[in-house]
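Coordinate analysis (summary)
Residue-level listing of the chains:
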Amino acid sequence: MNKQGKAAMVISARIHIVQRFLSIFLLVAGLFHVHRSRVLLKAQPSSASKISSIEGYTGSKPYMEKPPLRKMKNDVTNKNPPSISFGERKRARIQSQGGIRSKHEAHDRAWIDSMSSEIGCPDVDSDGIHSDDPKGYTNIPTIESWNALYRAYHATVDPNSELMSATEYQNSWKVPIEVKFRLPEGRGVYAKEFIPKGTLVWSSTTRNTATFLSHHDRREFIKYLMKDPETRHLACDVRKWVDYMHSSDGSYFICETFDEAVLLNNVRDESDGTINLEPQSISLSTDHPDYDEDDCYGNDHFYTIRDIQAGEQLRIEY
Ligand SMILES: C[S@@+](CC[C@H](N)C(=O)[O-])C[C@H]1O[C@@H](n2cnc3c(N)ncnc32)[C@H](O)[C@@H]1O
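None of the values given here were measured: they were computed from a predicted structure.

Criteria and thresholds
- Residues numbered from 1 in each chain as written.
- Predicted model: local features only at pLDDT ≥ 70, side-chain atom pairs only at ≥ 80, totals over all residues.
- Heavy atoms only, no water.
- Salt bridge = Lys/Arg side-chain N within 4 Å of Asp/Glu carboxyl O.
- Core = buried A, V, L, I, M, F, W, Y, C linked by side-chain atoms within 4.5 Å.
- Buried < 20%, exposed > 50% of the residue type's maximum accessible area, 1.4 Å probe, protein only.
- Helix = DSSP H or I, 4+ residues; strand = E, 2+ residues; numbered from the N terminus.
- Contact = heavy atoms within 4.5 Å.
- Phe/Tyr/Trp six-rings, centres within 6.5 Å; stacked < 30°, edge-to-face > 60°.

This brings us to the pattern of salt bridges. By the definition in use, this model includes eight salt bridges. Residue Glu312 pairs with Arg306 through a salt bridge whose shortest N-O separation is 2.7 Å. Residues participating in the shared-partner salt-bridge network are Glu185, Asp272 and Arg315.

So, about the nonpolar core. The tendency in soluble globular proteins is for nonpolar side chains to be buried side by side. If you look at the biggest cluster of nonpolar residues, it comprises 44 residues, and the most contacted ones within it are Leu149, Trp173, Phe221, Leu264 and Leu314. If you list the elements that add at least two residues to this core, you get helix H4 (102–119), helix H5 (143–156), strand S1 (177–182), strand S2 (186–191), strand S3 (200–203), strand S4 (209–212), helix H7 (215–227) and helix H8 (232–241). Looking at this core element by element, the count peaks at six residues for H5. Apart from residues lying up to four places away in sequence, Leu314 is in contact with Trp173, Ile177, Val189, Tyr190, Ala191, Ile195, Leu264, Asn265, Asn276, Leu277 and Ile308.

A word on the packing of aromatic side chains. In total, this model carries 10 aromatic pairs according to the counting rule given. Arranged with centres 5.7 Å apart and planes meeting at 35°, the rings of Trp146 and Trp241 form a pair that is tilted. One end of the pair, Trp146, is in helix H5; the other, Trp241, is in helix H8, with 95 residues separating them in the sequence. Centre to centre, the rings of Tyr153 and Phe212 are 5.3 Å apart; their planes meet at 85°, and the pair counts as edge-to-face. Of this pair, Tyr153 sits in helix H5 while Phe212 is found in strand S4, placing the two residues 59 residues apart along the sequence. When sorted by exposure, Tyr153 lands in the same class as Phe212, which is buried.

In structure tokens:
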């Protein structure tokens, strides 16, 4: 073998050694990686198993880590649809000193927010209750809208509630009114005729208001509205009109009025004029047929506190 042949042999032998060294190194590195992954898998469940273990999670949206909601004693929010009557539930709630608690409001608001983005509700304030930008809420509710709300309430919350006819709704108003949309406050209630000072213009009854004893009830009500394309937009409205009442037992319940009284605006500055309505609560005796400790606005009556001209907007302090 000549000199060149020897050199070529030495080079090829060296290449062979380097190749073997590399393959041993890769094998060791691979084995180490497999071992490490196994150790990690034992220490922590995979993200897939984490997601599937979240109760009620359907996998359609990215899961975000949140502390689990603790069930409270006397918690009415997490109850399944009840088989007992609405009246019985009211009595049970009062006895248990339960009711809607602020603790559940954050959870409820998160649900309401995701519902509103799903159906594309116009924005509301960060408090999720009242909007300072009413421009999106241009639809003028009709008798059929109020009827639809009552039907939804009857179907989901209180099957014993009386379904009202269009005429009965209008009877809560004692004077002719109309609803118009005008900026900056959006929809509002306007007098169609001159109304003298001291006139009773609107009376609440236990039949033109809805009482929700739990967030769960209200969500079922909203879901019902969302099912029908004709009433879907009302789900956005009820979100905006919600009112929390403080009960004598220290708990909260939610009220919604199913007529134009929910569209009464306030006075914010001089350009709005002045308040012209004032509520007066008349205490009913406990044996009065309309008496109900837990009904929202069960006995409120709005009176004019000055003369109101035809076309003027009705305004109330809140
Ligand atoms: C009970 S709602 C009244 C109905 C409301 N305008 C609507 O279109 O649904 C209360 C909301 O009306 C608006 N509002 C009431 N009084 C107002 C005023 N004087 N100026 C501007 N906005 C007002 C605010 O957005 C408030 O959160």
